[in-house]
Amino acid sequence: MKTESNTNKPVNRVKFILTTNPNATFEDYGWTEEFVEDMLYVAQYEPDHEWMNDSEILNNLGIIFSESVGVERDMQKAIMYFEKAIALDDDLARSNLADIYRKGTGGVAKNLEKAFELYKSCYLPYAYYRVGEAYENGWGVEQNLDKAKEHYRVAYQEGHSLARKKLKTIDF
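Residues numbered from 1 in each chain as written. Predicted model: local features only at pLDDT ≥ 70, side-chain atom pairs only at ≥ 80, totals over all residues. Heavy atoms only, no water.

Got a minute to help me understand the environment of Glu-113 in this structure?
Relative to the helices and strands, Glu-113 is located in helix H5 (residues 112-120). Judged by relative accessible area, Glu-113 falls into the partly exposed class, the value being 48%. Taking C-alpha positions, Glu-113 is 8.5 Å from Arg-102, a pair spaced 11 residues apart along the chain. (Helix = DSSP H or I, 4+ residues; strand = E, 2+ residues; numbered from the N terminus. Buried < 20%, exposed > 50% of the residue type's maximum accessible area, 1.4 Å probe, protein only.)

Pasting the structure below:
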C-alpha cells in the first residue's frame, strides 16, 4: 500500500467498478452469468472451497446479495459476506458495508457511526472522501472542518471525482 508523502496516509489503489444502475447486468460488474452461478454454487454447496477464503470472491458475493445481481436481495447474506471479506482485510468490502450503513440500504438501519468507522479503516480514495464528508457534516463523528479538508485532500490527490468537485466549495 502506498503512503502519501505529504499526509503519511496509506492509499489502496485497488481497481473497482462503480455501478449505479438498479437494473445492472452481470457484465456491468465485470462478471459473466456463469461466474456468478459458480460463486453462488460454491457459497451454497462447497463451504471449504478455496474461494470461500478469497476476499475478492466474498466481496463479490456481498455485492451480489446487496444489489440483487441474479438473486433476490438478501441484506443478511450481503453483510455476512462483506464481514468475511473484511476479516481477510478487504478494503472494498469495508467500503461496501460502510455504504450500506451510511444509506440504510435494503432495510438495514442507518448507522453513521458504524459507517464512519468502516470508512476510516479503509484506504480507498472513495473512503477518504466519505470520511471527509463525515467530518464536514458531523455524520457519525464530531464536526471538524480541518480533518474534513485533510481527508478530502487525500481523495483529491488520488483523483477522486467528488473530491475534485468539493474543491470548488471548500478550499483544501
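After that view, the rundown keeps rolling.
What is the right way to look at the pattern of salt bridges in this model?
Oppositely charged side chains may form a pair once their charged atoms are brought near each other. On inspection of all chains with the given rule, the structure shows 5 salt bridges. Ionic pairing is found between Asp-91 and Arg-94, a salt bridge with its closest N-O pair at 2.9 Å. Placement of the pair is Asp-91 and Arg-94 together in helix H4 (residues 91-103), with a separation of 3 residues, close to one helical turn. Two residues, Glu-133 and Arg-130, come together in a salt bridge whose shortest N-O distance is 2.6 Å. Remark: Arg-130 and Glu-133 occur in helix H6 (residues 125-137); sequence separation between them is 3 residues, near one turn of the helix. With respect to class, Glu-133 is no different from Arg-130; both count as buried. (Salt bridge = Lys/Arg side-chain N within 4 Å of Asp/Glu carboxyl O.)

Can you help me understand H5 in this one?
Each α-helix winds once per 3.6 residues, and so residues spaced three or four apart point in a common direction. Looking at H5, one finds that the buried residues are Ala-115, Phe-116, Leu-118 and Tyr-119. Looking straight down H5, one finds that the buried residues subtend no more than 165° of arc, so they occupy a single side. On its buried face, H5 sits against helix H3 (75-87), H4 and H6. For H5, the N-terminal capping position is held by Asn-111, with its side-chain oxygen 3.3 Å away from the main-chain nitrogen of Glu-113. (Arc of directions from axis to C-beta. Contact = heavy atoms within 4.5 Å. Polar contact = N/O pair within 3.5 Å; in protein donor to acceptor, adjacent residues only side chain to side chain.)

Just checking my understanding: could you explain the packing of aromatic side chains for this structure?
Counting across every chain of the model gives 7 aromatic pairs. A centroid spacing of 5.8 Å and a plane angle of 70° characterise the contact between Phe-35 and Trp-51, whose relative ring orientation is edge-to-face. Taken as a pair, Phe-35 in helix H1 (residues 33-45) and Trp-51 in the loop between H1 and helix H2 (55-67) lie far apart in primary sequence, 16 residues in all. A relative accessible area of 24% means that Trp-51 is categorised as partly exposed. (Phe/Tyr/Trp six-rings, centres within 6.5 Å; stacked < 30°, edge-to-face > 60°.)

Looking at this structure, how should I read the nonpolar core?
Looking at soluble globular proteins, one finds that nonpolar side chains tend to be buried together. Membership of the largest hydrophobic core comes to 50 residues, with the highest contact counts inside it found for Trp-31, Leu-61, Ile-64 and Leu-97. Counting residues per element, the ones that place at least two in this core are H1, H2, H3, H4, H5, H6 and helix H7 (145-157). Those residues in contact with Leu-97, other than ones at most four positions away along the chain, are Ile-79, Phe-82, Glu-83, Ile-86 and Leu-118. (Core = buried A, V, L, I, M, F, W, Y, C linked by side-chain atoms within 4.5 Å.)

Honestly, the side chain of Ser-95 in this entry has me stumped. Any pointers?
Topologically, Ser-95 is positioned in helix H4. In this structure Ser-95 comes out as buried when scored by relative accessible area, which is 5%. The residues contacting Ser-95, other than those within four sequence positions of it, are Tyr-119, Cys-122, Leu-124 and Tyr-126.

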